[in-house]
Amino acid sequence: MSWVKNIKTLINIQCRLRKKVILIPPDNFSPKLIAGVDVAYSRKDEYLYGAVVILTLPELNIIEKKIAIGKVKFPYIPGFLSFREVPILLKVFKQIKQKPHVILVDGQGIAHPRRFGLACHLGICLNIPTIGCAKSCLIGTYNPVPNQLGSYSFLKDNEEIIGLVLRTRKGVKPIFVSPGHLIDIKTTYNITLASLKGYRIPEPIRLAHIEANIAKASLNLD
């Protein structure tokens, strides 16, 4: 199947699944385990590497990490990243022993043209609260963010608030955070701040990125 020729079908799937997204945290939500996920790709062949790292909150101590390897079965199409990465991430989560209370995803949440980014898709599949933490803006407008840790600007699509442009470190570019599933804007902000450890990227995602690339390098595919 040519996925590019079936964009309408993919859009219909996203629109149907987005109706399941819940932008309210579970009752008495107080996460003690946080996971970060990331996917690395080989430049020489069709392999991809999914990683999950689980840490304690608020200490950010690693308690578990897993890797899964698979073949790319979906092309890169902006706005449809979840169809490419969710399968390998689900494969990783089948291996974990400690279920996280919240997941940080290297990608968009509802800050997406159809309000259904990678974090939403993964959250729906796992039924776990998720937050999208992207390095670039996919959609929306925002005001300049003050150069202080924790400062933010609302990310808006017209008048709808779809996320935050968050300063995670003084002197570096902000990141774009948005709820994925079972989370709201305020909790997204608080958890993202709690997951920082001196870098631009939240620590769970940063560590998952490292693990995915270590796995890729170990097979000498690049």
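Everything that follows concerns the structure shown earlier in this document.
In this text the structure is predicted, and so the values were computed from the model without any measurement. (Residues numbered from 1 in each chain as written. Predicted model: local features only at pLDDT ≥ 70, side-chain atom pairs only at ≥ 80, totals over all residues. Heavy atoms only, no water.)

K.L.:
Just to check I follow, could you spell out the packing of aromatic side chains for this structure?
P.N.:
Where two aromatic rings form a pair, the distance of their centres and the angle of their planes describe that pair. Taken as a whole and judged by the stated rule, the model has five aromatic pairs. Taken together, a centroid distance of 5.7 Å and an interplanar angle of 25 degrees make the contact between Phe-74 and Phe-83 stacked. By relative accessible area, which is 5% here, Phe-74 ends up buried. Ring centres of Phe-80 and Phe-83 lie 6.3 Å apart, and the angle between their planes is 40 degrees; on these two criteria the pair is classed as tilted. This pair shows no difference in class: Phe-80 is buried, exactly as Phe-83 is. Counting every residue linked through ring pairs, the aromatic cluster contains Phe-74, Phe-80 and Phe-83. When the ring centre of Tyr-199 is taken as reference, the NZ or CZ atom of Arg-206 above it lies at 3.8 Å. (Phe/Tyr/Trp six-rings, centres within 6.5 Å; stacked < 30°, edge-to-face > 60°. Buried < 20%, exposed > 50% of the residue type's maximum accessible area, 1.4 Å probe, protein only. Lys NZ or Arg CZ within 6 Å of the ring centre and 35° of its normal.)

K.L.:
In this structure, what is going on with the pattern of salt bridges? I would like to understand it.
P.N.:
Close approach of charged atoms allows side chains of opposite charge to pair. Counted under the stated rule, the structure contains five salt bridges. A salt bridge links Lys-65 to Glu-211; the shortest N-O distance between them is 3.2 Å. Taken together, the residues Lys-65 in strand S3 (residues 62-71) and Glu-211 in helix H5 (residues 203-218) connect sequence positions 146 residues apart. For Lys-65, a relative accessible area of 44% translates into the label partly exposed. With relative accessibility at 18%, the residue Glu-211 sits in the buried group. When the shortest N-O distance is used, the salt bridge between Arg-115 and Glu-160 registers 2.9 Å. Linking Arg-115 in the loop between strand S4 (102-105) and helix H3 (118-126) with Glu-160 in strand S7 (residues 160-166), this pair joins segments that are 45 residues apart in sequence. (Salt bridge = Lys/Arg side-chain N within 4 Å of Asp/Glu carboxyl O. Helix = DSSP H or I, 4+ residues; strand = E, 2+ residues; numbered from the N terminus.)

K.L.:
How should I be thinking about the sheet that holds strand S8 (residues 175-181) in this particular structure?
P.N.:
Judged by pairing direction, the sheet is mixed, and its eight strands sit side by side in the order S3-S2-S1-S4-S5-S8-S7-S6 without closing on themselves. With partners counted over all chains shown, the strands left at the sheet margins are S3 and strand S6 (152-157), one partner each. Ignoring strand direction, the axes of neighbouring strands in this sheet form an average angle of 25 degrees. (Pairing = 2+ DSSP bridges. Axes fitted to C-alpha atoms, helices over the stretch in contact; angles between N-to-C directions.)

Everything listed here is a matter of geometry and, on its own, says nothing about what the molecule does.
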